[in-house]
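Tertiary structure, described
Residue strings, one per chain:
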Amino acid sequence: MLPVIETLPLQTIDGPFAGELFLVARVLFGGIIAFMGLNHFLDLETTTGYAEMKGVPAPTLSVLLSGVVLVLGGLGVALGLFPALAAGSLAVFLLVTTPLMHDFWAVPDDQQQSELTAFMKNVGLFAGTLVVLAVSTLEWPYALGIGLV
């Protein structure tokens, strides 16, 4: 006989220092993603060249739009501003771009390790966006608290 596994719905983010830890995690996670997006603008030529090399259509426009998604999504997570929309847009972005931009299986041997590392980093970020999305309907401590739900 198999044991029954029950789940309880998340009610609140509560416990000793839970709100403060969640704030630190949001600021670090969202800040890193926003910084990645900022780099799309600060190093537009290099980022566009990489996108072009990977066969991205309209590489300059794609880099600019992806930079906007990363900056706004990262800030949304960090500030608790439209968290479901922020996390959802980041999840879609990472789901689409990770295999397109970091195709470690299709690059020369000397590039495989760096592409694999970037691929795995993005998979970890994708997982983080799913966690944020899962708790996006809760009331977040120390957040602006503006959202769709």
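Everything numeric here is computed off the predicted structure, so don't read it as measured data. (Residues numbered from 1 in each chain as written. Predicted model: local features only at pLDDT ≥ 70, side-chain atom pairs only at ≥ 80, totals over all residues. Heavy atoms only, no water.)

**Some thoughts on the pattern of salt bridges**
Pairs can form between side chains of opposite charge whenever their charged atoms are close. Under the criterion given, the structure shown has 2 salt bridges. Between D103 and K54 there is a salt bridge whose closest N-O contact spans 2.5 Å. In this pair, D103 is assigned in the loop between α4 (83-101) and α5 (109-134) and K54 in the loop between α2 (44-53) and α3 (59-79), connecting sequence segments 49 residues apart. Across the pair, exposure class does not vary: D103 and K54 are buried alike. The partner of E115 in a salt bridge is K54, with the nearest N and O atoms 3.7 Å apart. Of this pair, E115 sits in helix α5 while K54 sits in the loop between α2 and α3, and the two are 61 residues apart along the sequence. (Salt bridge = Lys/Arg side-chain N within 4 Å of Asp/Glu carboxyl O. Helix = DSSP H or I, 4+ residues; strand = E, 2+ residues; numbered from the N terminus. Buried < 20%, exposed > 50% of the residue type's maximum accessible area, 1.4 Å probe, protein only.)

**A closer look at the packing of aromatic side chains**
Considering all chains together, one arrives at 4 aromatic pairs under this definition. Aromatic pair F22 and W140: ring centres 5.1 Å apart, planes at 90°, arrangement edge-to-face. Of this pair, F22 sits in helix α1 (residues 18-42) while W140 sits in the segment after α5, and the two are 118 residues apart along the sequence. Note on accessibility: F22 and W140 belong to one class, buried. Taken together, a centroid distance of 6.0 Å and an interplanar angle of 85° make the contact between W105 and F119 edge-to-face. Here W105 is found in the loop between α4 and α5, whereas its partner F119 is found in helix α5, with 14 residues between them in sequence. Classification of F119 by relative accessible area gives buried; the value is 17%. Here a set of aromatic residues connected by ring pairs shows up, and it is made of F104, W105 and F119. (Phe/Tyr/Trp six-rings, centres within 6.5 Å; stacked < 30°, edge-to-face > 60°.)

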